[in-house]
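Topology and contacts: notes
Single-letter residue listing:
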Amino acid sequence: MYAHHPSARPWRTAALAVAASAIVLATASPALAHAEVSASDSRALAKNVTLTFESEAESESAGFTEIRTVLPEGIDGDGIRLKEAPKGWKLKPTSDGYSVAGPALEPGENAEHSVFVEQLPDAKSLAFKTVETYEDGEVSRWIELPRDGEPEPENPAPVLKLKPAAPGATEAAASASASASPSASSASSPPEGGTPSPDGSAPSEAAESDDGSPWPTVAVVAGLCLVALVGGVLVFKRRGRAGTE
């Protein structure tokens with residue numbers, strides 16, 4: 001009968017540790033939530049466009065209560081109108097964009113809303129920094145911008161890539177009424193010092209930090225996998241020495 005070499009089992013132990021690490025990391029990756037944006041017409045200078053935003057839930061104990069969006073240069077917040085949102089949610093203008101907020105969604109339920117934009121700017125891509133608030137006060141900030149030649153940031157802002165403008169497309173001139181007097185939405189916007197959430201407690205400076213990132217959880221998982229791998233190697237070495245004595 002074939003006899004197993006004494007060192008074969010430690011090798012199998014180390015291999016199983018590596019495989020377990022790969023499986024844990026693979027299953028952990030989908031838990032990383034993102035905020036995304038899409039458009040009904042993704043060409044530069046496109047008019048009458050519907051932008052749809054989806055925030056993936058990352059909390060199993062609390063639901064979304066507010067999504068705040070920073071509009072990129074070239075999109076006027078005065079022309080933004082809400083088309084669809086969770087039941088009971090309303091749009092409010094802010095100093096740098098808008099927010100949609102309302103009754104808390106169910107834990108684990110994604111927050112999706114769409115807005116009407118009169119015209120997209122002449123650009124290659126548009127970034128929409130997004131700040132998500134949960135009913136327990138937790139905040140996720142998807143505000144980091146990608147850079148050429150670098151890996152995707154940990155908390156990337158939703159980015160809409162634009163196709164070239166249609167032949168003959170031009171930028172619409174600002175209306176005389178808009179230039180003559182501030183709009184109602186501009187008048188109701190809070191001062192530059194801060195953009196309150198529906199309860200008046202969350203400042204707009206929240207968009208400048210990245211608390212609430214899911215990456216610490218992945219770091220802990222990766223650390224545990226590394227410990228398992230080192231343990232398997234130590235077992236292999238210890239049993240290898242025992243087999244040679």
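Everything below is about the structure printed above this text.
Rules of the game
- Residues numbered from 1 in each chain as written.
- Predicted model: local features only at pLDDT ≥ 70, side-chain atom pairs only at ≥ 80, totals over all residues.
- Heavy atoms only, no water.
- Patch = residues over 30% accessible without salt bridge, like charges linked within 9 Å, V, L, I, M, F, W, Y side chains within 5 Å.
- Areas by Shrake-Rupley, 256 points an atom, 1.4 Å probe, with all protein chains shown as cover.
- Salt bridge = Lys/Arg side-chain N within 4 Å of Asp/Glu carboxyl O.
- Lys, Arg positive; Asp, Glu negative; His and termini not counted.
- Charge placed at Lys NZ, Arg CZ, Asp CG, Glu CD.
- Helix = DSSP H or I, 4+ residues; strand = E, 2+ residues; numbered from the N terminus.
- Buried < 20%, exposed > 50% of the residue type's maximum accessible area, 1.4 Å probe, protein only.
- Core = buried A, V, L, I, M, F, W, Y, C linked by side-chain atoms within 4.5 Å.
- Contact = heavy atoms within 4.5 Å.
- Pairing = 2+ DSSP bridges.
- Axes fitted to C-alpha atoms, helices over the stretch in contact; angles between N-to-C directions.

**Here's the deal with a negative patch on the surface**
Together, E106, E109, E135, D136 and E138 make up a region of like negative charge exposed at the surface. Mapped onto the elements, E135 comes out in the loop between β9 (129-134) and β10 (139-142). Residue E135 is classed as partly exposed on the basis of its relative accessible area of 46%.

**Section: the nonpolar core**
Of all hydrophobic cores here, the largest spans 25 residues; its most connected members are L51, I75, L120 and F128. Only β2 (47-55), β3 (64-70), β6 (97-101) and β7 (111-119) provide two or more residues apiece to this core. Leaving out residues up to four positions away in the same chain, L120 has contacts with D41, R43, L45, A46, V49, L51, I75, L126 and L162.

**Notes on the sheet that holds strand β4 (residues 81-84)**
Here we have four strands laid out as an open sheet, ordered β1-β2-β7-β4, and antiparallel in their pairing. Looking at which strands have only one partner, the edges of the open sheet turn out to be β1 (35-39) and β4. For this sheet, the mean inter-axis angle between neighbouring strands, taken without regard to orientation, is 30°. Looking at chain direction, β2 and β7 are connected through eight bridges and run antiparallel.

**Observations concerning unusual backbone geometry**
Even without being glycine, L45 reaches a positive phi, approximately 65°. If you trace the backbone, L45 turns up in the loop between β1 and β2. Judged by its relative accessible area of 9%, L45 is buried. With phi around 55°, N48 is a residue other than glycine that occupies positive phi space.

**Things to note about the environment of G97**
Secondary-structure assignment places G97 in strand β6. Owing to a relative accessible area of 8%, G97 belongs among the buried residues under this scheme. Between the C-alpha atom of G97 and that of L71, which follows or precedes it by 26 residues, the distance is 4.8 Å. Every residue in contact with G97, bar those within four places of it in the chain, is listed here: T69 and L71.

**Things to note about the pattern of salt bridges**
A complete count under the given rule lists two salt bridges for this structure. R43 is the salt-bridge partner of D41, the closest N and O atoms lying 2.9 Å from each other. A relative accessible area of 36% means that R43 is categorised as partly exposed.

So far we have only geometry, and geometry alone does not tell us how the molecule works.
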